[in-house]
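Structural features, examined
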Amino acid sequence: MRRLLVLWDVDYTLLSAVGLGNRLYRAVFQDMFGRDLAAVAPKAGRTDRAILLDTLALAGVAEPRAQVDDFLAALGRRVAALDGSVRDEVRALPGAAAAIAALASAGARQSVLTGNIRPLAAVKLAAAGLGEHLDLDVGAYGDAHEVRAELVKMARRAALLAYGTDFSGRSTVLVGDTPLDVAAALATGARAVGVATGSFAAADLAAAGAHAVLPDLTDASLVLAAVTGQP
């Protein structure tokens with residue numbers, strides 16, 4: 001197998017952590033503004049930075065862009081204070097661990113490209129038992145930019161520094177469950193693998209332009225074929 005950098009989306013691709021992110025958002029909002037957060041902006045496939053800009057605007061916060069960095073910092077502190085009970089809110093999706101292990105055995109470098117801030121991604125992955133084989137130091141995270149495609153560039157730069165390998169073009173593979181994951185791959189010349197384990201059907205991911213679409217991760221051989229583009 002040629003050298004590949006596989007960048008996994010986290011939520012609804014590798015794992016489910018229903019309610020955890022919104023719970024943390026609401027706690028930080030209460031701390032910062034002294035009132036309840038009525039609604040969280042749409043999240044699927046978006047970065048925390050983009051979600052928070054829209055969420056703060058929806059909540060009527062003046063100059064939301066000026067508040068985002070403080071909110072993200074407070075979110076990180078909240079994550080650091082989480083106790084072991086978070087394991088009750090997180091579960092690996094079927095086949096995720098085996099799929100990661102199969103790609104590792106085939107020689108792929110693997111990390112995450114996620115809308116989560118890094119501390120939250122790390123907590124979720126650890127709680128789901130999915131930390132092995134994922135080099136989080138070359139990942140890209142949702143506090144870094146509003147646009148998901150920009151995270152691809154960041155991950156490639158980090159991987160070049162870490163491994164001395166240029167993962168340009170389809171040497172980078174994004175695996176995710178939303179059309180925005182697919183769009184980020186296409187915008188940066190990467191290979192896009194859609195996984196219909198979230199709120200979007202396989203047809204939606206195919207229509208978005210994914211090079212391969214999987215119903216889930218339960219067949220490691222199919223995952224390997226989809227990622228490499230080889231039968």
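So, here's what we can say about the structure. Every value quoted in this text rests on a predicted model; they were computed, and no experiment measured them.

This part takes up the sheet that holds strand β6 (residues 191-195). Judged by pairing direction, the sheet is parallel, and its 5 strands sit side by side in the order β4-β1-β5-β6-β7 without closing on themselves. The open sheet has two edge strands with one neighbour each: β4 (109-112) and β7 (212-214). In this sheet, adjacent strand axes meet at a mean angle of 20° when their direction is disregarded. Pairing of strand β1 (residues 5-8) with β4 involves 4 bridges; the strand directions are parallel. By the bridge assignment for β4, L7 is matched with S111. Set on the sheet, helix α6 (residues 148-163) makes contact with β1, β4 and β5 (172-176); between it and β1 the angle comes to about 135°.

With the rule as written, the count across this model stands at 3 aromatic pairs. Aromatic pair F29 and F33: ring centres 4.8 Å apart, planes at 45°, arrangement tilted. Of the two residues, F29 and F33 both sit in helix α1 (residues 20-33), 4 residues apart, roughly one turn of that helix. For F29, a relative accessible area of 0% translates into the label buried. Ring geometry for Y163 and F167: centres 6.4 Å apart, planes at 90°, overall edge-to-face.

What follows is about unusual backbone geometry. Although it is not a glycine, Y12 adopts a positive phi angle of roughly 70°. Looking at where Y12 falls in the secondary structure, it is placed in the loop between β1 and β2 (15-16). Given a relative accessible area of 35%, Y12 falls into the partly exposed group. Residue H133 is not a glycine yet carries a positive backbone phi of 75°. One can find H133 in the loop between α5 (118-128) and α6. Judged by relative accessible area, H133 falls into the partly exposed class, the value being 39%.

Rules used in this analysis
- Within each chain, residues carry numbers counting from 1 in the order of the written sequence.
- Given that this is a predicted model, residues contribute local features only at a pLDDT of at least 70 and side-chain atom pairs are listed and counted only at 80 or more, while totals for whole chains, interfaces and linings are drawn from all residues.
- Excluding hydrogens and water, the side-chain figures rest on all heavy atoms present in the structure.
- The pairing criterion is simple: DSSP has to find at least two bridges between the two strands.
- Runs of H or I in DSSP of at least four residues are treated as helices and runs of E of at least two as strands, each being numbered from the N terminus.
- Where helices are involved, their axes are fitted lines through C-alpha atoms of the stretch in contact, as for all axes, and angles between N-to-C directions lie from 0 to 180°.
- Residue contacts follow a heavy-atom distance rule, with two residues in contact if any of their heavy atoms lie within 4.5 Å.
- Two rings belonging to Phe, Tyr or Trp (six-membered ring only in the last case) form a pair when the distance between their centres is within 6.5 Å. Interplanar angles under 30 degrees mark stacking, angles over 60 mark edge-to-face geometry, and anything in between is tilted.
- Each residue gets one of three labels from its accessible area relative to the maximum for its type: buried under 20%, exposed over 50%, partly exposed in between, using a 1.4 Å probe on protein chains only.

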